[in-house]
Every structure is written in structure tokens, then in C-alpha cells.
Amino acid sequence: MLVGVLRAAGSSAGLTGEDLERRVAQALAFLRRRMTGDYVVDEFGFDEDFTENVWLPLLRPLYKRWFRVEVRGIENIPDTGRALIVANHSGTMPIDGLMTQVAVHDTHPQHRFVRMLGADLVFQSPFVGELSRKSGATLAANADAERLLAQDELVAVWPEGFKGIGKPFSDRYRLQRFGRGGFVSAAIRTGAPIIPCAIVGAEEIYPMIGNAKSIARMFGFPYFPLTPTFPWFGPLGLIPLPSKWIIEFGAPVETAGLGPAAADDSQLLFDVTDQVRETIQQSLYALLMQRRSVFF
């Protein structure tokens, strides 16, 4: 009877009998590893086994069917070794980071994992902080960024932070300030190439038409968004709009030739930060010109 139910469920999901058997076998193998402790968690809390078998599969329906993400320039991400992805941040909720994580893993020939740098608030939140650690995120601090890059990891940062995801809809696709160039300093000290990344589509998932600042202060949030659907429609207002996404990885900005000492040159840090920011901004403008519709 159980076999019949599984086959029916697999058929409704468009899976062949062979695909279903493979997935069931993978799920059982995962459960066995969790029960026996046969998995590794690194010093940052990253659990590759959990990310591969639980976290990414949970995100894929949103990635493939809801946002229908199109990836360009994946060849600009190296097959091995350190690199720093720098992307624009938007969308009221940081879903763009999650979609970038899936995009790199699923479209890169080596299926690389992205180690994301997140804000303090993420790791101070119960459950969310632990889940973020398990799936590869860590605190957006220079020390952590440098340690990860020194270990030849692929790291991603969204320098606009809350200024980017919390900006009003009227400012969509206009990059906010990129901070003091901390990400550039980490890249230079480790000789990691910087890969500019432009994300189109995230701005429209929760159009922020207002900010209830008093409520935000009450809960210690950087902002409290008011959108056309939230909080007016209750929990239904939390469903993101199904915009069509494009994630484009640009040509790397090489830093290896600068030498670690260059990380102390404030003018150089400003120039490289400005170069990366301008590259992303121009890429956004170009992608918007090519886009025929927000949703199709």
C-alpha cells in the first residue's frame, strides 16, 4: 500500500518510477547518516550534508517554478579556489541571497557551495540564525570573510545591507551606499577575485510602499515594511509576487596582483569599491532594458 501511495505521489509530481526510487534511497541514506553522526560540520557551523539534501531541495521549487530564475555568466565563477561574489540587495526580505545560493550550486559545473555573509540580526534570531549557519552563512565581518577566502571558499556579500532590502519601491534598482569597502579589503588580503553580480526581479517580490518606523523601533527591526499585500492580507501577504528573475555574474575584478599591503590603502579601497558598485549598477540598467515584463 505504501509503495502505491509513493508511486501515485511521484507520478503527480512528474517523477518516473526510477526517479522516485532514487529519491527515496537518498532520503533513507540521509536519515541514516544523521542518526549515526556520519556527517561533518565545519568551524562556522556549515553542514554540507544538510544543505545538499534538505536546504537546497526546499528552495528549488521557489527558484525553478515561482521566480523561474535565469542565470547568466556562471562561467565567470572559477571551478576551484577562492572568489568573492558581490551583489545588489533588494526585495524587503533577503530572498535574493537564497536564490543566488541555489543558482551557483545548480548551474555551476562543479556545483559549488556559496558561503554567504549576513547581518548580525540574522544570527540573533532564534531558529533562523541556526538554520543560516547550517546552510553556509556566517557573520558579515572582515575576519570571517578573510578566513573563508583563505580556505579557498566561494564567498558572497551584499554590501548594501538593510539599506538595500529596506529601500522604498520608488528607489528600485538604484544601488545604495556600499559601506567602507570591507569586502574589498578581505579580497585584497587573500588575493581573491571579486565577481560583480546583478540581480533583477527581487525588487518586485514585496513592493515596499511604506515603512512603519514606530513598529520597527518597538521590535528592534531596521524597518517594518508596508506592501500592497502586507500586513493587510495577514499571512497571505507574506507570499512573494512571482516576478521573473535574472542573476548575472560579471567578469572578475582581479586583486591578486595588488598584494596584501594594498588592503591598507584607503584610496585604493574606495576606487575598487566604486568600480564594483558601478559595474553592478550598469549591469542592472542593461538587464532592465532587455526585460520585456516584470512577471514573464
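For the structure itself, look to the data block above.
Just so we're clear, the structure is a prediction, and the values are computed from it rather than from any experiment.

(A) Local environment of the sheet that holds strand 1 (residues 70-72). On the basis of which strands lie adjacent, the open sheet formed by seven strands has the order 1-9-6-2-5-3-4 and mixed pairing. Each end of this open sheet is capped by a strand with a single partner; those strands are strand 1 and strand 4 (138-139). In this structure, strand 6 (residues 194-200) lies alongside strand 9 (residues 246-249), joined through four bridges in antiparallel fashion. Among the inter-strand pairings, Val 200 is bridged to a residue of strand 9, identified as Ile 246.

(B) Geometry of helix 4 (residues 95-107). Counted at 1.5 Å a residue, the expected span for helix 4 with its 13 residues is 18 Å, and the 18 Å between its end C-alpha atoms agrees. Counted residue by residue, helix 4 has ten buried out of 13 residues, so it is predominantly covered. Here helix 4 has its buried residues at Ile 95, Asp 96, Gly 97, Met 99, Thr 100, Gln 101, Val 102, Ala 103, Val 104 and His 105.

(C) View of the packing of aromatic side chains. All told, the structure shown has six aromatic pairs when counted by the stated rule. Between Phe 67 and Trp 245, the aromatic rings sit 4.6 Å apart at their centres with planes inclined by 25 degrees, giving stacked as the arrangement. With Phe 67 in the loop between helix 3 (48-66) and strand 1 and Trp 245 in the loop between strand 8 (225-226) and strand 9, this pair connects stretches of sequence that are 178 residues apart. Considered together, Phe 67 and Trp 245 belong to a single accessibility category, that of buried residues. Geometrically, the ring pair formed by Phe 162 and Tyr 223 is edge-to-face, given 6.4 Å between the ring centres and 70 degrees between the ring planes. Residue Phe 162 is found in helix 8 (residues 162-165), and its partner Tyr 223 is found in the loop between helix 10 (213-219) and strand 8; the two are separated by 61 residues along the sequence. Looking at Tyr 223, the relative accessible area reads 10%, which means it is buried. The aromatic ring of Tyr 39 is capped on one face by Arg 34, whose charged end is 3.7 Å from the ring centroid.

(D) Main features of a nonpolar patch on the surface. Side chains of Trp 66, Trp 232, Phe 233, Leu 236 and Ile 239 sit close together on the surface and give an oily, nonpolar patch of about 580 Å² of accessible area. Along the chain, Leu 236 falls in the loop between strand 8 and strand 9. Given the relative accessible area of 60%, Leu 236 is considered exposed.

(E) Quick look at helix 3. Between its first and last C-alpha atoms helix 3 spans 25 Å; for 19 residues at 1.5 Å apiece the expected length is 27 Å, and the two agree. Of all bends in helix 3, the biggest is about 40 degrees, found at Leu 56, and the proline Pro 57 comes one to four residues later. Those residues of helix 3 that fall on the buried side of the exposure criterion are Asp 49, Phe 50, Thr 51, Trp 55, Leu 56, Leu 59, Arg 60 and Tyr 63. The opening residue of helix 3 is Asp 47, an N-cap whose side-chain oxygen sits 3.3 Å from the backbone nitrogen of Asp 49.

(F) Region of interest: the pairing of strand 6. Across the seven residues of strand 6, seven count as buried, placing the element largely inside the fold. Burial along strand 6 is two-sided: the residues Ile 194, Pro 196, Ala 198 and Val 200 and Ile 195, Cys 197 and Ile 199 are all buried. Both strand 2 (residues 83-87) and strand 6 contribute to a ladder of four bridges, which runs parallel. Across the sheet, the residue bridging to Val 86 is Pro 196, located in strand 6.

The rules we used
- The written sequence of each chain sets the order in which its residues are numbered from 1.
- Owing to the predicted nature of the model, reporting of local features is limited to residues with pLDDT of at least 70; listing and counting of side-chain atom pairs is limited to 80 or more, with chain, interface and lining totals taken over all residues.
- Values shown for side chains rest on all heavy atoms present in the structure; no hydrogens or waters enter the calculation.
- Here, any two strands with at least 2 DSSP bridges between them count as paired.
- A run of DSSP states H or I qualifies as a helix once it reaches four residues; a run of E qualifies as a strand once it reaches two. Both are numbered from the N-terminal end.
- Any helix carries an expected span of 1.5 Å times its number of residues minus one.
- Summary of the burial criterion: residues with accessible area below 20% of their type's maximum are buried, those above 50% are exposed, and those between are partly exposed, where the area comes from a 1.4 Å probe applied to protein chains only.
- Here a Phe, Tyr or Trp ring, Trp counted by its six-membered ring, pairs with any other such ring whose centre lies within 6.5 Å, and the pair is stacked when the planes are under 30 degrees apart, edge-to-face when over 60, and tilted otherwise.
- Any Lys NZ or Arg CZ that is within 6 Å of a ring centre and within 35 degrees of that ring's normal is treated as a charge sitting over the ring.
- Residues with no salt bridge and a relative accessible area higher than 30% make up the patches, which join like charges within 9 Å and nonpolar side chains (Val, Leu, Ile, Met, Phe, Trp, Tyr) within 5 Å.
- To be clear on the numbers: accessible area is Shrake-Rupley with a 1.4 Å probe, and residue cover counts the displayed protein chains and nothing else.
- When a carboxyl oxygen of Asp or Glu is within 4 Å of a side-chain nitrogen of Lys or Arg, the pair counts as a salt bridge.
- Bend, in this description, refers to the angle at a residue between axes fitted to the seven residues ending there and the seven starting there.
- A 3.5 Å cut-off defines polar contacts: any pair of N or O atoms within that distance qualifies, except that in protein one atom must be a possible hydrogen donor and the other a possible acceptor, and neighbouring residues in sequence count only when both atoms are side-chain atoms.

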